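This is what each chain is made of:
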Amino acid sequence: PFLQDIVLSVGGWNFAIWKEGVTSGPILQSCCSEKRYTAAHWSLSRSGVFFIGKEDGNVEIWDLLEKTHEPSQTQNISAAAITYIKPWIVSAKQHFLALADDSGTLHVLEIPWTLHHPSANEITGIQHFFEREVKHLEYYEQRKAFRASEKRSLELKELSKKK
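Residues numbered from 1 in each chain as written. Predicted model: local features only at pLDDT ≥ 70, side-chain atom pairs only at ≥ 80, totals over all residues. Heavy atoms only, no water.

Per an unreviewed UniProt entry, the protein is named WD repeat-containing protein 63, and its organism is Staurois parvus.

A. Representation of the sheet that holds strand 4 (residues 37-42). Spatially, 4 strands are ordered 4-5-6-7 in an open sheet, and the strand pairing comes out antiparallel. Two strands lie at the open edges of the sheet, namely strand 4 and strand 7 (73-76), each paired on one side alone. On average, each strand axis in the sheet is tilted by 20° relative to the strand beside it, whichever way the strands run. As judged from the 5 bridges shared by strand 4 and strand 5 (residues 49-54), these two strands associate in the antiparallel manner. When the sheet's bridge partners are listed, A40 is paired in strand 5 with I52. (Pairing = 2+ DSSP bridges. Helix = DSSP H or I, 4+ residues; strand = E, 2+ residues; numbered from the N terminus. Axes fitted to C-alpha atoms, helices over the stretch in contact; angles between N-to-C directions.)

B. Geometry of the environment of R36. Here R36 lies in the loop between strand 3 (28-29) and strand 4. For R36, a relative accessible area of 38% translates into the label partly exposed. (Buried < 20%, exposed > 50% of the residue type's maximum accessible area, 1.4 Å probe, protein only.)

C. Geometry of the sheet that holds strand 10 (residues 106-110). Read across the sheet, 3 strands follow the order 8-9-10 without closing on themselves; strand pairing throughout is antiparallel. With partners counted over all chains shown, the strands left at the sheet margins are strand 8 (82-89) and strand 10, one partner each. Ignoring strand direction, the axes of neighbouring strands in this sheet form an average angle of 20°.

Here you go:
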C-alpha cells in the first residue's frame, strides 16, 4: 500500500518480494519453510510489516526494519490452514487483523501498537532497503556474468595449450 512497484507473493514453501521492472528475480526471498505459506497481506499502516498465513494455522509477522531473515513474531491462530488475511483500520488507535481458516472460521485479532505505529522515517528506510536489495541483485548478476566469461576464457586457454 505504500510502494506501488513492490509486490509480495506467496506460494508453496517460500514468499518473495518483487520490484516491478527488475526481471532477474525477486529482491528478497525467504528460506524454505517447514509448512507451506497459504496467504499474505501487507500492513496498512507500516511499510515494512506484512503478515503471512501458513498451512499449520500459524501467522508470521515480518518486520523488515527489525529482521529480514526470520519473522519477528509467530502466532498460532487455528488448527486449520490460514486461507485469508485482511488488516483493517478502525481508528488511529485500533487496528485489527481478520484471518480466515480452512474450516470456515473467522478470527479477528487486535494488532498491537508496536505493529501498527510507524517509526518517524519508516517509508524512507524501507525504500532505501529495497533500493539496496535491487543493487545487490544487479551486482550479483554482473558477477555471475563476469565469472561465466572468466570461465570461458580459462577453458579457451586450456584448449589452446592442449593444441
